[in-house]
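# Fold and contact review
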2 protein chains.
Amino acid sequence: MKKIVQCVPNLSEGRDSGKIERIVAPLKDKEGFKVISVEPDQDYNRTVITLLGDPESMIDPLEAFFARATEEIDMNEHEGEHPRMGAIDVVPFIPISGLKIADCVGYATRLAERVGTHLGIPVFLYAEAATAKNRVSLPKIRKGEFEGMKEKIKSEQWKPDFGPQACHETFGTTAIGARIPLIAYNIDLNTDDEKIAGSIARAIRKSSGGFQHIQAGPAYLEERGHVQVTMNILDYKKNPIYRIYETVKMEAKRDQVEIMSSEVVGLIPLDTLKRSIAYYLSAEGKDVPETMSIDDVVLAARTYLLIRDFSHSKIIEANL
Amino acid sequence: MKKIVQCVPNLSEGRDSGKIERIVAPLKDKEGFKVISVEPDQDYNRTVITLLGDPESMIDPLEAFFARATEEIDMNEHEGEHPRMGAIDVVPFIPISGLKIADCVGYATRLAERVGTHLGIPVFLYAEAATAKNRVSLPKIRKGEFEGMKEKIKSEQWKPDFGPQACHETFGTTAIGARIPLIAYNIDLNTDDEKIAGSIARAIRKSSGGFQHIQAGPAYLEERGHVQVTMNILDYKKNPIYRIYETVKMEAKRDQVEIMSSEVVGLIPLDTLKRSIAYYLSAEGKDVPETMSIDDVVLAARTYLLIRDFSHSKIIEANL
């Protein structure tokens with residue numbers, strides 16, 4: 001089985017498209033993996049890049065991408081709403097198929113060593129690749145951000161895993177790590193009352209007593225004129241989409257509110273959708289087919305979960 | 001507002017009804033509180049006693065009850081399926097109204113001091129009353145049971161909070177503490193397939209990714225010929241009954257299984273039921289009345305949650 005990872009570098013530049021293009025260039029048209037998307041955000045002044053394919057093939061181009069960022073970005077001039085500590089702020093490796101999280105820790109560590117020793121950038125290994133408990137959480141590492149890291153990095157507790165124990169003057173620092181796939185999923189409600197979305201979010205999210213692997217909050221979509229419950233599903237096997245969808249539907253009933261549609265942000269593994277479709281087919285007394293084409297899955301996801309703006313390209317496996 | 005606590009001493013005698021009666025006698029017909037139930041279990045050789053009322057009034061009678069147990073029970077001869085470390089194994093104080101958990105810690109501590117100093121019984125404060133992290137969990141304190149405590153108690157780590165640092169020869173040791181109300185709630189399914197109840201339990205319980213305050217497992221009820229999902233709801237405000245009930249109903253649909261009825265074991269606070277009834281009334285577009293009589297609540301709980309064998313006497317407030 002071919003080894004496939006999803007790798008999602010976050011670049012601290014979301015406004016200057018020329019710069020973004022030059023920095024991303026070393027990742028393009030390479031053997032073994034594809035650049036699935038490059039999504040700049042102006043308010044955040046940050047660009048999320050999604051790579052998919054063979055992790056072995058990604059290492060050299062990623063090092064070149066880091067090198068290009070040191071040339072193009074001066075973090076002393078960076079402004080944006082999203083917290084950040086470096087020109088390339090974070091690079092997670094996510095196992096998709098043919099390998100495990102431990103293998104992704106290996107690729108993350110190899111890239112971290114290259115970036116630290118070849119480019120003189122301090123690197124923190126994070127999430128599953130963390131070498132200490134206080135380095136698992138990216139927000140904890142990043143606290144203080146670019147400006148604060150200059151002092152923070154001097155303490156023994158925050159000595160980087162690779163590279164010098166001093167911030168790179170223009171780049172800052174970076175975090176490289178491995179984590180399981182996370183599904184960014186939002187459910188649209190036919191109301192503009194953010195309170196309703198808020199109380200539903202509290203019902204389902206871990207932090208207020210709900211499902212263990214759900215982060216959730218309310219959001220008002222100004223242009224669309226309705227609210228949504230916006231979530232991260234951190235473990236879709238333990239908290240499958242259909243369970244969250246049906247619980248949101250049930251909670252919304254209290255206020256005579258209905259689900260209008262739902263939304264997948266970024267990519268989603270085929271298996272996530274298949275599991276939820278299997279629930280609905282079984283509930284309807286239908287057989288669950290052993291294999292389903294991506295076409296079938298897209299259609300069923302639209303039917304049962306009302307996923308809007310959904311197409312093949314959102315499914316990881318369709319991009320392989 | 002009157003201070004009301006529920007206090008649930010567990011007695012290590014479930015077979016000899018004469019003995020049980022003599023030990024419980026000091027608790028009966030007292031001013032300020034009532035003995036709501038005395039429930040012996042032969043297999044466990046253990047009796048659960050439920051008191052309800054003013055905690056101040058309970059202290060003297062509870063001390064007398066402990067004294068009577070030292071006379072009547074010799075733990076060296078005790079056999080039973082339930083783990084136990086003393087003749088009175090555990091005494092939790094549970095806030096019901098007019099006081100907080102911190103107040104219950106106070107009553108627990110006062111009783112513990114009396115039992116320790118007057119009767120020479122080693123006492124561990126547990127749950128919310130615990131004085132160290134490893135004393136929060138009763139099973140952790142009790143590990144080794146009556147027999148093993150003789151050695152365990154000698155270590156500095158297991159020095160009791162009150163009483164001598166040596167087991168009482170015939171009584172053993174005891175745990176006294178404070179905890180929030182816990183709802184024992186079971187949902188009956190119209191199937192005899194325990195696997196279905198098991199996979200639903202996994203979907204809803206904390207330990208496998210479900211709701212934060214739910215413990216759940218499957219059980220086959222031999223005499224009734226069906227399975228149930230049996231649970232403890234540790235925080236009914238954060239994980240209300242209706243949410244659990246509706247999630248179980250939704251999960252059961254996968255196997256074309258339906259909820260036949262549900263069951264409350266022991267007592268339940270009125271507020272628990274009111275909150276869930278409010279959900280169903282709102283979902284039906286009906287007004288939620290500001291006050292509901294206990295009659296109304298019992299009827300609505302039967303209607304919406306199909307609670308079987310349910311009556312006034314199961315509701316804490318109806319016993320006040």
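Please read all numbers here as calculations on a predicted model, not as lab measurements. (Residues numbered from 1 in each chain as written. Chains lettered and ligands numbered in written order. Predicted model: local features only at pLDDT ≥ 70, side-chain atom pairs only at ≥ 80, totals over all residues.)

## Description of the overall build of chain A
Along chain A, the regular secondary structure elements total nine helices and eleven strands. Taken over the C-alpha trace, chain A has a radius of gyration of 21 Å; the compact-globule value for 320 residues is 20 Å, and the two agree within 12%. Each of the three principal axes of chain A carries a C-alpha extent, and together these read 60 × 45 × 40 Å. Put simply, chain A has 320 residues, and 45% of those count as buried. (Helix = DSSP H or I, 4+ residues; strand = E, 2+ residues; numbered from the N terminus. Rg over C-alpha atoms; globule rule 2.2 N^0.38 Å. Buried ≥ 20, exposed ≤ 12 C-beta atoms within 10 Å, placed from the backbone.)

## Section: the domain arrangement of chain A
Residues and elements named next belong to chain A. Under the domain assignment, chain A is made up of domain 1 (4–178) and domain 2 (183–319). Domain 1 and domain 2 are separated by 29 Å when their C-alpha centres are compared. Contact with domain 1, which involves six residues of that partner, is made by five residues of domain 2. If you list the elements that add at least two residues to the side of domain 1 that touches domain 2, you get strand E3 (33–41) and strand E4 (46–53). Here the side of domain 1 that touches domain 2 is composed, by residue class, of three nonpolar, two polar and one charged. (Domains from an automatic or database assignment. Contact = placed C-beta atoms within 7 Å. Nonpolar A, V, L, I, M, F, W, Y, C, P; charged D, E, K, R; others polar.)

## Observations concerning the sheet that holds strand E11 (residues 259–265) of chain B
Residues and elements named next belong to chain B. In spatial order, the strands read E9-E10-E8-E11; together these four strands make up an open sheet with antiparallel pairing. The sheet is open, and its two edges are formed by strand E9 (214–221) and E11, each paired on a single side. Averaged over all pairs of adjacent strands, the angle between their axes in this sheet comes to 20°, without regard to strand direction. Relative to E11, strand E8 (residues 183–189) is paired through six bridges, and the arrangement is antiparallel. Opposite Asp188, over in E11, you have Ser261 as the bridge partner. (Pairing = 2+ DSSP bridges. Axes fitted to C-alpha atoms, helices over the stretch in contact; angles between N-to-C directions.)

## Let's talk about the interface of chain A and chain B
Each partner contributes to the interface: chain A provides 22 residues, whereas chain B provides 22 residues. Counting residues per element, the side of chain A that touches chain B draws most heavily on helix H7 (residues 241–253) of chain A, at five residues.

## Description of the sheet that holds strand E10 (residues 226–233) of chain A
Residue and element names in this part refer to chain A. Judged by pairing direction, the sheet is antiparallel, and its four strands sit side by side in the order E9-E10-E8-E11 without closing on themselves. Both edges of this open sheet fall to strand E9 (214–221) and strand E11 (259–265), since each of them pairs with a single strand only. The mean angle between the axes of side-by-side strands here comes to 20°, regardless of whether they run parallel or antiparallel. Looking at chain direction, E9 and E10 are connected through eight bridges and run antiparallel. If you follow Ala216 over to E10, its bridge partner there is Met231.

## Remarks on the pairing of E8(B)
Note on strand geometry: in a regular strand, side chains alternate between the two faces of the sheet. Residue and element names in this part refer to chain B. Within E8, five of the seven residues are buried, leaving the element largely enclosed by the surrounding structure. Summarising the sheet, E8 and strand E10 (residues 226–233) pair through seven bridges and their orientation is antiparallel. If you follow Ala184 over to E10, its bridge partner there is Asn232.

## Comments concerning the relation of the copies chain A and chain B
With an RMSD of 0.2 Å, chain A superimposes on chain B once it is rotated by 179° and translated 0.1 Å along the axis. Taken together, the rotation and translation describe the operation of a two-fold axis. Taking the C-alpha atom as reference, chain A places Phe211(A) closest to the rotation axis, 2.4 Å from it. Taken together, the interface assignments show that 100% of the residues at the interface of chain A recur at the interface of chain B, consistent with an identical surface on both copies. (Least-squares fit on C-alpha atoms with pLDDT ≥ 70 in both.)

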